[in-house]
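Now for the letters of each chain:
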Amino acid sequence: MRKALWVLAGALALSGCKKDGAAGSEVPGVEDAGAAGLDALEAAETGTYAVTPEKLSAYVAYQRRMLEVYGSQVKGLQGLGVLVDAGTPEAMAEVRAGLKVVEAKAKAEAEARASAGLSVADINGLAEVVTAVIGQRQLGRTLQYEDELRKLEELQQKLPPEQREELAAQVASMRRQVESFQKLTDVRREYGDANVDMVLTREDELMKNYQEMLRVFTGTRR
């Protein structure tokens, strides 16, 4: 599921503005170069991209820029496959118009990367780590594990002792699931504590961008 989320929200990698990125380059709690060096060392040991405050700020700005681009272009790409199948001159004219939208998107992405001072490798690395963190946060909200755990615990307390004991294993299992989502255990194991903690310093902005991109691609953007 994480891979699917990355593919969809990989578009989130595509949004940027140099001015905004520079303005947000200072992240509270991540200040000294020694800490940055340790973060880079951890990333090297795990083989993952090292997320820095500067790169993350540039990425947030990049997302915002590309949200604007996708919002204006996604309608031009809808139904392109159907038109190709149609094969009529009118349909092919629409296809050519759609391809121009694709070309414009690619140009906008390149301009946004340059403006944000990010390389393609930066975008790919940041997208993977950010989407793993934010995607799991979003999934946790959607599944509402915490509410389900609370309901199960309340039910357990109302049962007779013998039935309460029978339900204990299920309660314990769900509690572990909730803890894993809250602490991002699996994501931390894959991408390292430093990367996860860095992404969480901009969680609100990244979550907002993530949700907005989902709305853009599902056609529910207000």
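One structure accompanies this document, and this report is about it. Everything quoted here is computed from the prediction, not taken from an experiment. (Residues numbered from 1 in each chain as written. Predicted model: local features only at pLDDT ≥ 70, side-chain atom pairs only at ≥ 80, totals over all residues. Heavy atoms only, no water.)

Topic: the overall build of the chain
Piece 1. When helices and strands are tallied, the chain shows 12 helices and zero strands.
Piece 2. Shown N-terminal to C-terminal, the secondary structure of the chain runs as helices and strands in the order α-α-α-α-α-α-α-α-α-α-α-α.
Piece 3. Per-residue burial for the chain yields a buried fraction of 36% across its 222 residues.
Piece 4. A fraction of 83% describes how many contacts in the chain between residues 6 or more apart in sequence connect residues 24 or more apart.
Piece 5. Only carbon and sulfur atoms are counted for the fraction: they give 54% of the accessible area of the chain, which is about 12600 Å². (Helix = DSSP H or I, 4+ residues; strand = E, 2+ residues; numbered from the N terminus. Buried < 20%, exposed > 50% of the residue type's maximum accessible area, 1.4 Å probe, protein only. Contact = heavy atoms within 4.5 Å. Areas by Shrake-Rupley, 256 points an atom, 1.4 Å probe, with all protein chains shown as cover.)

Quick notes on the packing of helix α7 (residues 120-143) against helix α9 (residues 161-183)
Piece 1. Packing of α7 against α9 leaves a shortest axis separation of 9 Å and a crossing angle of 140°. As for the relative orientation of α7 and α9, their crossing is left-handed in sense. Residue-level contacts link Gln136, Arg137, Leu139, Gly140 and Leu143 of α7 to Ser180, Phe181 and Gln182 of α9.
Piece 2. Across the contact of α7 with α9, the residue classes break down as three nonpolar, four polar and one charged. (Axes fitted to C-alpha atoms, helices over the stretch in contact; angles between N-to-C directions. Left-handed = near helix turned anticlockwise from the far one by under 90°. Nonpolar A, V, L, I, M, F, W, Y, C, P; charged D, E, K, R; others polar.)

Remarks on the environment of leucine 126
Piece 1. Position of leucine 126 among the secondary structure elements: in helix α7.
Piece 2. According to the relative accessible area criterion, leucine 126 is buried, its value standing at 0%.
Piece 3. Between the alpha carbons of leucine 126 and lysine 55 there is a distance of 8.1 Å; along the sequence they are 71 residues apart.
Piece 4. Beyond its immediate sequence surroundings of up to four residues, leucine 126 is in contact with Tyr49, Val51, Lys55, Leu56, Tyr59, Leu118 and Thr131.

Re the nonpolar core
Piece 1. Ranked by internal contacts, the top residues of the largest apolar core, which has 33 residues, are Tyr59, Leu118, Ile134 and Leu206.
Piece 2. Of all the elements in the fold, those that place two or more residues in this core are α4 (53-77), α6 (89-116), α7, α10 (185-191), α11 (193-200) and α12 (203-218).
Piece 3. Listed in part, the six residues of the second largest apolar core include Leu149, Leu152, Val171 and Met174. (Core = buried A, V, L, I, M, F, W, Y, C linked by side-chain atoms within 4.5 Å.)

Considerations on α9
Piece 1. With 23 residues, α9 should reach 33 Å at 1.5 Å per residue; the first-to-last C-alpha distance of 31 Å fits that figure.
Piece 2. The largest bend in α9 amounts to roughly 40° and is located at leucine 167.
Piece 3. Listed in full, the buried residues belonging to α9 are Leu167, Val171, Met174, Val178, Ser180 and Phe181.
Piece 4. Close packing links the buried residues of α9 with α7, α8 (145-158) and α10. (Expected span 1.5 Å × (residues − 1). Bend = angle between axes of the 7 residues up to and from the residue.)

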